[in-house]
Amino acid sequence: MDPECAQLLPALCAVLVDPRQPVADDTCLEKLLDWFKTVTEGESSVVLLQEHPCLVELLSHVLKVQDLSSGVLSFSLRLAGTFAAQENCFQYLQVRSTPSSPCRETPACLWPRRPVSSWCTSWLCPCEVEPRGSPACRGVTGPRVPRRSWITLKSPCAPRPPPSSPVFSSSDGSLWETVARALSCLGPTHMGPLALGILKLEHCPQALRTQAFQVLLQPLACVLKATVQAPGPPGLLDGTADDATTVDTLLASKSSCAGLLCRTLAHLEELQPLPQRPSPWPQASLLGATVTVLRLCDGSAAPASSVGGHLCGTLAGCVRVQRAALDFLGTLSQGTGPQELVTQALAVLLECLESPGSSPTVLKKAFQATLRWLLSSPKTPGCSDLGPLIPQFLRELFPVLQKRLCHPCWEVRDSALEFLTQLSRHWGGQADFRCALLASEVPQLALQLLQDPESYVRASAVTAMGQLSSQGLHAPTSPEHAEARQSLFLELLHILSVDSEGFPRRAVMQVFTEWLRDGHADAAQDTEQFVATVLQAASRDLDWEVRAQGLELALVFLGQTLGPPRTHCPYAVALPEVAPAQPLTEALRALCHVGLFDFAFCALFDCDRPVAQKSCDLLLFLRDKIASYSSLREARGSPNTASAEATLPRWRAGEQAQPPGDQEPEAVLAMLRSLDLEGLRSTLAESSDHVEKSPQSLLQDMLATGGFLQGDEADCY
Amino acid sequence: MPEIRVTPLGAGQDVGRSCILVSIAGKNVMLDCGMHMGFNDDRRFPDFSYITQNGRLTDFLDCVIISHFHLDHCGALPYFSEMVGYDGPIYMTHPTQAICPILLEDYRKIAVDKKGEANFFTSQMIKDCMKKVVAVHLHQTVQVDDELEIKAYYAGHVLGAAMFQIKVGSESVVYTGDYNMTPDRHLGAAWIDKCRPNLLITESTYATTIRDSKRCRERDFLKKVHETVERGGKVLIPVFALGRAQELCILLETFWERMNLKVPIYFSTGLTEKANHYYKLFIPWTNQKIRKTFVQRNMFEFKHIKAFDRAFADNPGPMVVFATPGMLHAGQSLQIFRKWAGNEKNMGTVGHKILSGQRKLEMEGRQVLEVKMQVEYMSFSAHADAKGIMQLVGQAEPESVLLVHGEAKKMEFLKQKIEQELRVNCYMPANGETVTLPTSPSIPVGISLGLLKREMAQGLLPEAKKPRLLHGTLIMKDSNFRLVSSEQALKELGLAEHQLRFTCRVHLHDTRKEQETALRVYSHLKSVLKDHCVQHLPDGSVTVESVLLQAAAPSEDPGTKVLLVSWTYQDEELGSFLTSLLKKGLPQAPS
């Protein structure tokens, strides 16, 4: 404990035991307890108590004081628990006849009160880890609340038993019988979680696993059976009798049916990627059932029985089930399956994306599932092109995507753009994809969305267009679109300069950084001009995340000009320094020319910490780089740093020093050396509120509360 | 037994981090998903393990409802939906939907980037979370599913704040969120119809306060600001971007106009301009005065208030600056505070440290800042006071009340007041504590026209509000309940009528023959029961209405006669009366 805090402690303890003194809120007490926990981790509790008798005083006093607030009482008891977690301290407290026997000391009537029972938790927790029979465990088994929860934890019917729980790995046959019985007599709500838990276990009798899997499959089997025209493909659970309870639940009401199906689909989704999932895994039937569920929801299924008809009515338009089914369908893409299954899945996804009734949340899930199916679809080996199914699918997909890009809900437009970005990121190089995309109006529509009224959509459009442009897909290659191909940079630059929202501007900076990194034509044509323009726009931005991204772009440029940052891996073979692209003076002149120093020095004194931090890292990197050119450092003894030093206060004030590119490289270098960048870095590493968060500040606050806190202190909300 | 269960995960006997779980007729709803400003670790969020232990969140919860955009009501939402994994619908009003992501984004920037916190939600998560939102209009009944419906009511407090009624069948709960029962300069007062919910869950921030006149506080504020700028001082007003800031802007704007003042007023950039934009956009949510004058002059287009540039802080001379955040813990307001705190001419309304009287503050890098400026604390918060809360309870007429979003001591006071004055049960659970309320769901019963007509035919006109006894047979058929006449019930159910008779033996000392005994009984009853129809039948038996009496002589004792009395259950009263009468014996016959 630092001396400042030690000095404040007695006064604070006095405030705490005085019921007339207003105590700060529970949050402060919680934080105080946190602090004591850290202190006791670092030093012996006994020593702490010996050095600060006011603490023992507090602990023995609180139980005697009438009218003490429940918050303080709870705090003190938990504090006692924290100290008593060290056995010698427990004994120390026992000798001093303080809360060593809290059950006796604490009035029985207080037990139902929450703060007192909460103390037990903190009291018991340290004790549970002590060896059995340790004196610390004696006398503390009285509390009712934590004991009960301890039993619950160990109960074999807990919904999610740990995979290798000792309870379950035991070879005790009667236990498995109990579980099997539970599985057959529990209601449908609890059956699913238990079945899933069983299937996740490593050591478990096969018969029980089979039973559990049947329980999980039952609802989907019912759905399949109710809709499949005889003779149809094999069902999920052919040969086993229908479970009457499942059918009853499915038909009872819309909400119970939706609930059961959602749970089932979610459980199967959780099971699918696990190594211990049942084998053989009925991939085809599950896919069939999921497709059927989706068809029942959108009303396109043809029921084969009265149960099916009933299901049709119940599930029609049920968004909840649709979402769960789409999630599971997406997961099913990870399994291998025959071609017709892929066709089936893609067909139902397309239907879903096309359906005018699909809600925005359903469309988002449909896009996600489609992406998963497309990216996992089998490719012809040795051929860079997509499989035979995909080109046809894409030709059908893009008109639907076009429609979705014009949807009245921003959520849908945004999801469609995100889908487009992802797809072109992965498939931008595939001829089939390029062909289908450029034949559609999707790129033009995405371009129009740069002007969307919703800022989220504008940002997604920026990202999508940046991605398309990187792959030469943002406009058709025909000559009449030449202008469109060229104007994108200007358009994005315009967004960066004038958009009122941060998201689109941030997205633009990310795109520009990517472009610079990947040597995009617009960036590579005249890199210096590109960087200068972008940095100038970014430096004026009010959103610090845009400025931080500007530094990221500057770092990429630095790397390209001076060579990549050195790796600090101790095991890496020390490679000879990569020869820089150009001589240092020339490189520095380029950095000055693009206004990088101006931007970085300004950012160093930015009021937003992450910007300053990033700039500090950038300048340190630069300084290290230059240090390797020892010749230059020694060549000039004392360069004229006056001009740069004169601008320093103006940078501090957050102003642009002078027109970019006007500094002398030598002057900048000299200043770089004169700044205590390491010191600055460690100052910046601390969070902005580290002073406010310090224990000393907390103690001061709590002491100061004494004189305040009347009336409307909750005004901040 | 049907019941409503309520468990606060936050705001149970505390202010901040509102999050209340309600189970009603098998549906689970989460009301608000707020965060606690005081913590930097996971304790800032409600303890969701309480729900996740029941299995998957999306399966357990039917919906989440957000009452308004303040972070203590919605700050944990992206964490809950994108990190804990809730995938179901989230309901809020249109203004809340528009403003909520801005505040969340702002909060993220402060938490993640300024404080360097990891494991926090990202911009993408905020967006994904907002995609799950379903926006609702005031007084629009929204069907969450076939059984659960919700409805929003105007709550005042801040733009877009709403109270929500949650209803399943005939059971309902109303959650107020934060509300204000008196209109202010830019918003109206909360209002709800007499919906008589089973339970009203109300905030109780000002449970013990009866607020003084708002006009006084406003006058005081204007006076102090005016004095400071007259002296040439600068005024810093740390505010939260939305809500009170607009209130104070309107106040200052009007004052500046009236006094013809030229001192510049600035608004910290970014967030607040956006806020004003939303106030303009959602003008129907503001109060009547603003809506009325909107055509001639938009109250949110300020003449005297300009956007602030950080260079302005160094300008000489007086000025007034509204800066965010209101707690002065970071950002622009803190920067300006640092610049101005050293001058006693200046004035500011600031964070808790300065409020609690500390005049020397340690800032970053161990430098100590001495606060010489004047510090004033003024409350313009828009919560209902004790009177307002009582008024709302009176308006909605709930069966029970449950208090949240307040301090235990103040709640205790209000609880007693509600129970004594309104005779309504009142609860105040702590966080994690469950209150269970039994409900008696009303079951609709149809009544047959025939039965009603028969009742009417008896000549008694039905009187409103006066209960009346009506006999009929309740039949349950095809999960319907109907009250019909017994004849119709028999017919519908295909049953035959059975008659139930009670019999009893009464021993009489009489040596005469049976016929004579019967005759004596007849004349005795005839004389006692003057209003009843007493008959002596040819077979010797006597009847009184449906009651039948027969005399018989037991063989063993000729001095005693046994009187057999039998009656139908309809004449139970008469039958009992007769037996007790006869047990007293017959009057002596004149010999």
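What you see is a predicted model, and the numbers here were worked out from it, not measured in a lab.

S.K.: I would appreciate a short explanation of the overall build of chain B in the present structure.
M.R.: On a plain count of helices and strands, chain B comes out with 18 helices and 30 strands. What you see for chain B is a C-alpha radius of gyration of 38 Å, clearly larger than the 25 Å of a compact globule of 591 residues, by over 25%. Reported as C-alpha extents along the three principal axes, the dimensions of chain B are approximately 130 × 50 × 45 Å. For chain B, the proportion of its 591 residues judged to be buried stands at 54%. If you take every contact in chain B between residues at least 6 apart in sequence, the share linking residues at least 24 apart comes to 70%. Carbon and sulfur atoms form 53% of the exposed surface of chain B, whose accessible area is close to 27,000 Å². Charged side chains of chain B number 71 positive and 67 negative; the gap between the two group centres comes to 7 Å.

S.K.: I'm lost on the overall build of chain A in this one. Help?
M.R.: Scanning chain A from N- to C-terminus turns up 39 helices and zero strands. Of all 717 residues assigned to chain A, the portion counted as buried reaches 51%. A total of about 32,300 Å² of accessible surface is found on chain A, and carbon and sulfur atoms cover 55% of it.

S.K.: Quick question: what am I supposed to make of the sheet that holds strand E25 (residues 480–484) of chain B here?
M.R.: As a general point, the strands of a sheet are linked pairwise by backbone hydrogen bonds and lie either parallel or antiparallel. Residue and element names in this part refer to chain B. With respect to topology, three strands assemble into an open sheet ordered E23-E25-E24, the strand pairing being mixed. The open sheet is flanked by strand E23 (446–447) and strand E24 (473–477), the only strands paired with a single partner. Where E24 and E25 come together, five bridges link them in antiparallel fashion. Paired with Met476 across the strands is Phe481, a residue of E25. Packed on one face of the sheet, helix H16 (residues 486–493) meets E24 and E25 and runs near 25° to E24.

S.K.: Could you clarify how one ought to interpret a nonpolar patch on the surface in this entry?
M.R.: Together, Ile443(B), Val445(B) and Leu474(B) give the surface a local cluster of nonpolar side chains, amounting to about 280 Å² of exposed area. For Val445(B), a relative accessible area of 43% gives the class partly exposed.

S.K.: What should I look at first to understand the pattern of salt bridges in this one?
M.R.: Any two side chains of opposite charge can pair, so long as their charged atoms come close to each other. Applying the stated criterion across every chain, the model contains 48 salt bridges over all chains. In this structure, the salt-bridge partner of Glu418(A) is Lys127(B), at a minimum N-O distance of 3.0 Å. Remark: Lys127(B) occurs in helix H6 (residues 123–130) and Glu418(A) occurs in helix H22 (residues 410–427); the pair is interchain, linking two chains. The exposure class of Lys127(B) is buried, given its relative accessible area of 6%. Between Lys415(B) and Glu419(B) there is a salt bridge, and its shortest N-O distance comes to 3.4 Å.

S.K.: Which parts of the structure should I look at to understand helix H13 (residues 206–227) of chain A?
M.R.: Each turn of an α-helix holds 3.6 residues, which means side chains three or four residues apart point in the same direction. All names here are of chain A. The first and last C-alpha atoms of H13 sit 31 Å apart over 22 residues, in line with the 32 Å expected at 1.5 Å per residue. Taken as a whole, H13 carries its principal kink of about 45° at Gln218; the proline Pro219 stands between one and four residues after it. With 16 of 22 residues buried, H13 is to be regarded as a mostly interior element.

S.K.: Just checking my understanding: could you explain the packing of aromatic side chains for this structure?
M.R.: Aromatic ring pairs: the centre-centre distance and the angle between the two ring planes describe each pair. In total, this model carries 30 aromatic pairs over all chains according to the counting rule given. Here Phe367(A) and Phe419(A) contribute two aromatic rings whose centre-to-centre distance is 4.9 Å and whose plane-to-plane angle is 40°, an arrangement assigned as tilted. Here the residue Phe367(A) occupies a position in helix H20 (residues 360–376), and Phe419(A) occupies one in helix H22, the gap between them amounting to 52 residues. Judged by centre distance (6.0 Å) and plane angle (85°), the ring pair of Phe308(B) and Phe312(B) falls under edge-to-face. Judged by its relative accessible area of 25%, Phe312(B) is partly exposed. Taken together, the aromatic side chains of Phe45(B), Phe48(B), Tyr79(B), Phe80(B), Tyr86(B), Tyr107(B), Phe120(B) and Phe121(B) make up a single cluster linked through ring pairs. Over the aromatic face of Phe39(B) sits the side chain of Lys31(A), whose NZ or CZ is 5.9 Å from the ring centroid.

S.K.: I tried to follow helix H31 (residues 584–593) of chain A on my own but got confused; where do I start?
M.R.: Along H31(A), the positions that sit buried rather than exposed are Leu584(A), Ala587(A), Leu588(A), Ala590(A), Leu591(A) and Cys592(A). Positive backbone phi, approximately 80°, marks Gly595(A), located one or two places after H31(A).

S.K.: Before we go on, may I ask you to explain the packing of helix H30 (residues 544–562) of chain A against helix H33 (residues 609–627) of chain A in this structure?
M.R.: Between two packed helices, both the angle of their axes relative to each other and the distance between the axes serve to describe the pair. Residues and elements named next belong to chain A. The N-to-C vectors of H30 and H33 enclose an angle of 10°; their axes lie 9 Å apart at closest approach. Here H30 lies roughly parallel to H33, going by the angle between them. Here Trp544, Arg547, Ala548, Leu551, Glu552, Ala554, Leu555, Leu558 and Leu562 of H30 come into contact with H33, specifically with Pro610, Val611, Lys614, Ser615, Leu618, Phe621, Leu622 and Lys625. Among the residues forming the contact of H30 with H33, the class breakdown is 12 nonpolar, one polar and four charged.

S.K.: Got a minute to help me understand unusual backbone geometry in this structure?
M.R.: Most peptide bonds take the trans form, and the phi angle of most residues other than glycine is negative. In this structure, the amide linkage connecting Ser279(A) to the following residue, Pro280(A), adopts the cis form with an omega of 0°. Its location among the elements puts Pro280(A) in the loop between helix H15 (254–271) and helix H16 (283–298). For His157(B), which is not glycine, the phi dihedral falls at a positive 60°. Note that His157(B) resides in the loop between strand E8 (148–154) and strand E9 (162–168).

S.K.: Honestly, the packing of helix H29 (residues 527–539) of chain A against H30(A) in this entry has me stumped. Any pointers?
M.R.: Residues and elements named next belong to chain A. Packing of H29 against H30 leaves a shortest axis separation of 9 Å and a crossing angle of 160°. By the angle between their directions, the pair H29 and H30 is classed as roughly antiparallel. Note that H29 runs across H30; the crossing there is left-handed. Facing Thr527, Glu528, Val531, Val534, Leu535, Ala538 and Ser539 of H29, the residues of H30 in contact are Val546, Arg547, Gly550, Leu553, Ala554, Phe557 and Gln560.

S.K.: Explain the sheet that holds strand E29 (residues 547–552) of chain B here, please?
M.R.: Residues and elements named next belong to chain B. One open sheet accounts for five strands, arranged E26-E30-E29-E28-E27; its pairing is antiparallel. The outermost strands of the open sheet, each flanked by one partner alone, are strand E26 (501–509) and strand E27 (534–536). In this sheet, adjacent strand axes meet at a mean angle of 20° when their direction is disregarded. Note: E29 against strand E30 (residues 560–568), five bridges, orientation antiparallel.

S.K.: What should I look at first to understand the nonpolar core in this one?
M.R.: What tends to happen in soluble globular proteins is that the nonpolar side chains get buried as a cluster. Core analysis: the biggest nonpolar cluster contains 297 residues, and Phe512(A), Phe48(B) and Ile201(B) have the highest contact counts within it. If we skip the residues at most four places from it in the chain, Phe512(A) touches Phe489(A), Leu492(A), Leu493(A), Leu496(A), Phe530(A), Val534(A) and Leu553(A). Counting residues in hydrophobic clusters, the runner-up holds 40 residues, among them Leu8(A), Leu63(A), Cys89(A) and Leu698(A).

S.K.: How do you make sense of the environment of Asp178(B) when you look at a structure like this?
M.R.: All names here are of chain B. Mapped onto the fold, Asp178 is located in the loop between strand E10 (171–175) and strand E11 (199–203). Overall, Asp178 belongs to the buried group, its relative accessible area being 1%. Taking the C-alpha atoms as reference points, Asp178 and Glu203, separated by 25 residues in sequence, lie 6.0 Å from one another. When residues no more than four places from it in sequence are discounted, the contact partners of Asp178 are Ser67, His68, His73, Ala155, His157, Ala161, Glu203, His383 and His405. Among the polar contacts listed, one links the side chain of Asp178 to the side chain of His73, at a separation of 3.0 Å.

S.K.: I keep staring at the pairing of E11(B) and nothing clicks. Help me out?
M.R.: Within a regular strand, the side chains alternate between the two sheet faces. All names here are of chain B. Here E11 lies mainly inside the structure; five of its five residues are buried. When E10 meets E11, the two strands line up parallel, connected through three bridges. Bridging across to E11, Tyr175 finds its partner in Ile201. The pairing of E11 with strand E20 (residues 400–404) spans five bridges and is parallel. Across the sheet, residue Thr202 finds its bridge partner in E20, namely Leu403.

What counts, and at which threshold
Residues numbered from 1 in each chain as written. Chains lettered and ligands numbered in written order. Predicted model: local features only at pLDDT ≥ 70, side-chain atom pairs only at ≥ 80, totals over all residues. Heavy atoms only, no water. Helix = DSSP H or I, 4+ residues; strand = E, 2+ residues; numbered from the N terminus. Rg over C-alpha atoms; globule rule 2.2 N^0.38 Å. Buried < 20%, exposed > 50% of the residue type's maximum accessible area, 1.4 Å probe, protein only. Contact = heavy atoms within 4.5 Å. Areas by Shrake-Rupley, 256 points an atom, 1.4 Å probe, with all protein chains shown as cover. Lys, Arg positive; Asp, Glu negative; His and termini not counted. Charge placed at Lys NZ, Arg CZ, Asp CG, Glu CD. Pairing = 2+ DSSP bridges. Axes fitted to C-alpha atoms, helices over the stretch in contact; angles between N-to-C directions. Patch = residues over 30% accessible without salt bridge, like charges linked within 9 Å, V, L, I, M, F, W, Y side chains within 5 Å. Salt bridge = Lys/Arg side-chain N within 4 Å of Asp/Glu carboxyl O. Expected span 1.5 Å × (residues − 1). Bend = angle between axes of the 7 residues up to and from the residue. Phe/Tyr/Trp six-rings, centres within 6.5 Å; stacked < 30°, edge-to-face > 60°. Lys NZ or Arg CZ within 6 Å of the ring centre and 35° of its normal. Parallel < 35°, antiparallel > 145°, perpendicular 65-115°, else oblique. Nonpolar A, V, L, I, M, F, W, Y, C, P; charged D, E, K, R; others polar. Left-handed = near helix turned anticlockwise from the far one by under 90°. Core = buried A, V, L, I, M, F, W, Y, C linked by side-chain atoms within 4.5 Å. Polar contact = N/O pair within 3.5 Å; in protein donor to acceptor, adjacent residues only side chain to side chain.

The values are spatial; any link to function lies outside them.
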